[in-house]
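Residue strings, one per chain:
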Amino acid sequence: MQRVIPKRTLGRSGIEVSELALGTWGLSGDGYGAVSASEQDAVIDRALALGVTLVETAASYAKGAMEKRLGERLGDSSDVIVVTKWGTDLGSKPVRKRFDREFLEQSFEGSRERLRRNVLDVGLLHNPSVAAVKNGEAPALLQQWVNDGKLRAWGISAGDADVVKAALELPEPPQVIELAFNIFFQSDLRTLRADLKIKEVGVLARSVLSHGLLAGMWPTDKTFAPEDHRSHRWNPDQLRRRINQTRVLRTLRSGNIPSMRAAAIAYALDHDVISSAVLGPRDVVQVDQLLREVPKQAPYIDPRARETFDTQILKMGIISSLGTG
């Protein structure tokens, strides 16, 4: 039987999306190591079968191959919303960010061809600087595509809160923002929460499991292969400390939250400003674990357990302030 994942509205775009999304960076082979084409297909198919209706990707993932794979699996299905991102020039040496009209127009047409969709769902500027946002050329271009019916909604995949603040000050602010959010990294979303609500901006939360750390499966002496981006993300002491800190997630476990990974995802979903939590499974087993274990409806976390947990992470110094989130 197909699992029904609750849907939320992606801000003022009005687009309905599953509150759990399939992220494809890891699946593409970038960052963590190669994934076979057959496994990519299996992950995509299984996620859709379990009720995912939102898939997140980028034109730069596997040099466009991930978009092509999605186009082959999804076609022009109106049941699945695809979010893609533009702004990384892989043809430049070294690779650089580009948000000029010529590059974005080429990227848009490339995505449309690879995804096999005449009208694209959601397009995001991929990690622009504050200056690139304030310049206004790139945001205006994406807004024009929305006005022309080529794109249903536009937004920004932001590296920090300052980029989002600049975007929200534009004459026509974005409809969608993608931000990192997890128990270790909450400050950006908490700082922006009120403005995002006022502007009715849909929020995609990425890194919800902190690149696998919050799944709660790593030994304290965990190491990574050189080609795995996580080998450069933490030094051994930092990683050991973080792994020990993840044990606080046990506070959130209950009858409907059977694992630490489910607790981490439920904690994100408990923040109503988030439209969808982007997950990055790399095999079918991970898909089943992530999608089946998360509570299927609100309340995602018992309010008393949430209060106890928030108190603990403050005392442990995991976060410095709870702000207004």
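Everything here concerns the structure above.
Everything numeric here is computed off the predicted structure, so don't read it as measured data.

**Q** Can you help me understand empty space enclosed by the protein in this one?
**A** Vacant regions in the atomic arrangement are exposed by a probe of water-molecule size rolled over the atoms. Evaluation of the coordinates by the stated rule reveals one cavity of 30 Å³ or more. Taken as a whole, the largest cavity spans an internal volume of roughly 50 Å³. Around the largest cavity, the lining residues are Ala 21, Leu 22, Ala 47, Val 52, Leu 279, Pro 281, Val 287, Leu 290 and Leu 291. Every element with two or more residues in the lining of the largest cavity is listed here: β3 (20-23) and α11 (284-293).

**Q** What is the right way to look at the pairing of strand β10 (residues 176-180) in this model?
**A** In summary, the side chains of a regular strand alternate between the two faces of the sheet. Counting buried residues along β10, five of its five residues qualify, which places the element largely inside the surrounding structure. Of the two faces of β10, the one lined by Val 176, Glu 178 and Ala 180 and the one lined by Ile 177 and Leu 179 are each fully buried. For strand β9 (residues 151-157) and β10, the ladder comprises three bridges, and the chain directions are parallel. By the bridge assignment for β10, Ser 157 is matched with Glu 178.

**Q** Sorry if this is basic, but what is going on with α11 here?
**A** Side chains that are three or four residues apart share a direction in an α-helix, a result of its 3.6 residues per turn. Listed in full, the buried residues belonging to α11 are Val 287, Leu 290, Leu 291 and Glu 293. The elements touched by buried residues of α11 are β3, α1 (37-49), α10 (260-269) and β12 (276-279). Measuring from the side-chain oxygen of the N-cap residue of α11 to the backbone nitrogen of Val 285 gives 3.1 Å; that N-cap residue is Asp 283.

**Q** Just to check I follow, could you spell out the sheet that holds strand β8 (residues 120-126) for this structure?
**A** Whenever strands of a sheet pair, they do so through backbone hydrogen bonds, lying parallel or antiparallel. Taken together, the eight strands give a closed barrel; going around it, the order is β3-β4-β5-β8-β9-β10-β11-β12, and neighbouring strands pair in parallel fashion. Adjacent strand axes in the sheet meet at a mean angle of 30° when their direction is disregarded. By the bridge criterion, three bridges tie β3 to β12 in an arrangement that is parallel. Paired with Ala 21 across the two strands is Val 278, which belongs to β12. Lying over the sheet, helix α7 (residues 187-198) contacts β10 and β11 (202-206), oriented at roughly 160° with respect to β10.

**Q** Would you mind showing me how to read the packing of helix α3 (residues 101-115) against helix α5 (residues 137-147) here?
**A** For the pair α3 and α5, the least separation of the axes is 10 Å and the interaxial angle reads 35°. Here the hand of the crossing between α3 and α5 comes out right-handed. In this structure, α3 contributes Arg 101, Leu 104, Glu 105 and Phe 108 to the contact, and α5 contributes Glu 137, Ala 138, Leu 141, Leu 142 and Trp 145. Residue classes in the contact of α3 with α5 are distributed as six nonpolar, no polar and three charged.

**Q** Explain the environment of Gly 33 here, please?
**A** Mapped onto the secondary structure, Gly 33 falls in the loop between β3 and α1. By relative accessible area, Gly 33 is classed as buried at 14%. Separated by 256 residues in the primary sequence, Gly 33 and Gln 289 place their C-alpha atoms 21 Å from one another. Those residues within four positions of Gly 33 in sequence are excluded, and the remaining contacts are Gly 26 and Arg 282.

**Q** Teacher, can you tell me more about the packing of aromatic side chains here?
**A** Note on aromatic pairs: each is described by the distance of the centres and the angle between the planes. Taken as a whole and assessed by the stated rule, the structure comprises nine aromatic pairs. With a centroid separation of 5.6 Å and 90° between ring planes, the pair formed by Trp 86 and Trp 145 is classed as edge-to-face. Taken as a pair, Trp 86 in strand β5 (residues 81-86) and Trp 145 in helix α5 lie far apart in primary sequence, 59 residues in all. Accessibility classification places Trp 86 together with Trp 145 in one group, the buried group. Plain terms: the ring middles of Trp 218 and Trp 234 are 6.0 Å apart, the flat faces sit at 70° to each other, and that makes the pair edge-to-face. Residue Trp 218 is found in the loop between β11 and α8 (230-233), and its partner Trp 234 is found in the loop between α8 and α9 (236-245); the two are separated by 16 residues along the sequence. The buried category is assigned to Trp 218, whose relative accessible area is 14%. In this structure Trp 234 comes out as buried when scored by relative accessible area, which is 14%. Taken together, the aromatic side chains of Trp 86, Phe 108 and Trp 145 make up a single cluster linked through ring pairs.

Reading guide: rules and limits
- Within every chain, residues take consecutive numbers counted from 1 along the sequence as written.
- Thresholds applied to this predicted model are a pLDDT of at least 70 for local features of residues and 80 or more for the giving and counting of side-chain atom pairs; totals over whole chains, interfaces and linings are not thresholded and use all residues.
- Only hydrogens and water are set aside when side-chain values are computed; all heavy atoms of the structure are taken into account.
- In the cavity and pocket records, a cavity denotes points on a 1 Å grid over the protein atoms alone where a 1.4 Å probe fits but cannot get out, a pocket denotes an open set with protein on both sides within 12 Å along at least 5 of 7 lines, and lining residues are residues with an atom within 4 Å of a point.
- Grid points are joined across faces, edges and corners, and a volume is the space filled by probe spheres set on the points.
- We count a stretch as a helix when DSSP gives it H or I for four or more residues in a row; a strand needs E for two or more, and each element gets its number in order from the N terminus.
- Buried means the residue's accessible area, taken with a 1.4 Å probe over protein chains only, is under 20% of the maximum for its type, while exposed means over 50%, and partly exposed covers the values in between.
- We call two strands paired when DSSP finds no fewer than two bridges between them.
- What makes two residues a contact is simply this: any of their non-hydrogen atoms within 4.5 Å.
- Here a polar contact means two N or O atoms within 3.5 Å. Within protein one must be a hydrogen donor candidate and the other an acceptor candidate, and residues neighboring in sequence count only if both atoms are side-chain atoms.
- To obtain each axis, a line is fitted to C-alpha atoms, and for helices this fit is confined to the stretch in contact; angles are then taken between N-to-C directions over 0 to 180 degrees.
- Working rule for handedness: look at the near helix, and if it is turned counterclockwise from the far one by less than a right angle, call the crossing left-handed; if clockwise, right-handed.
- Residue classes follow a fixed rule: Ala, Val, Leu, Ile, Met, Phe, Trp, Tyr, Cys and Pro count as nonpolar, while Asp, Glu, Lys and Arg count as charged, and any other residue, Gly among them, counts as polar.
- Classification of ring pairs rests on two measures: the distance between centres of Phe, Tyr or Trp rings, Trp counted by its six-membered ring, which must be within 6.5 Å, and the angle between planes, read as stacked under 30 degrees, edge-to-face over 60 and tilted in between.

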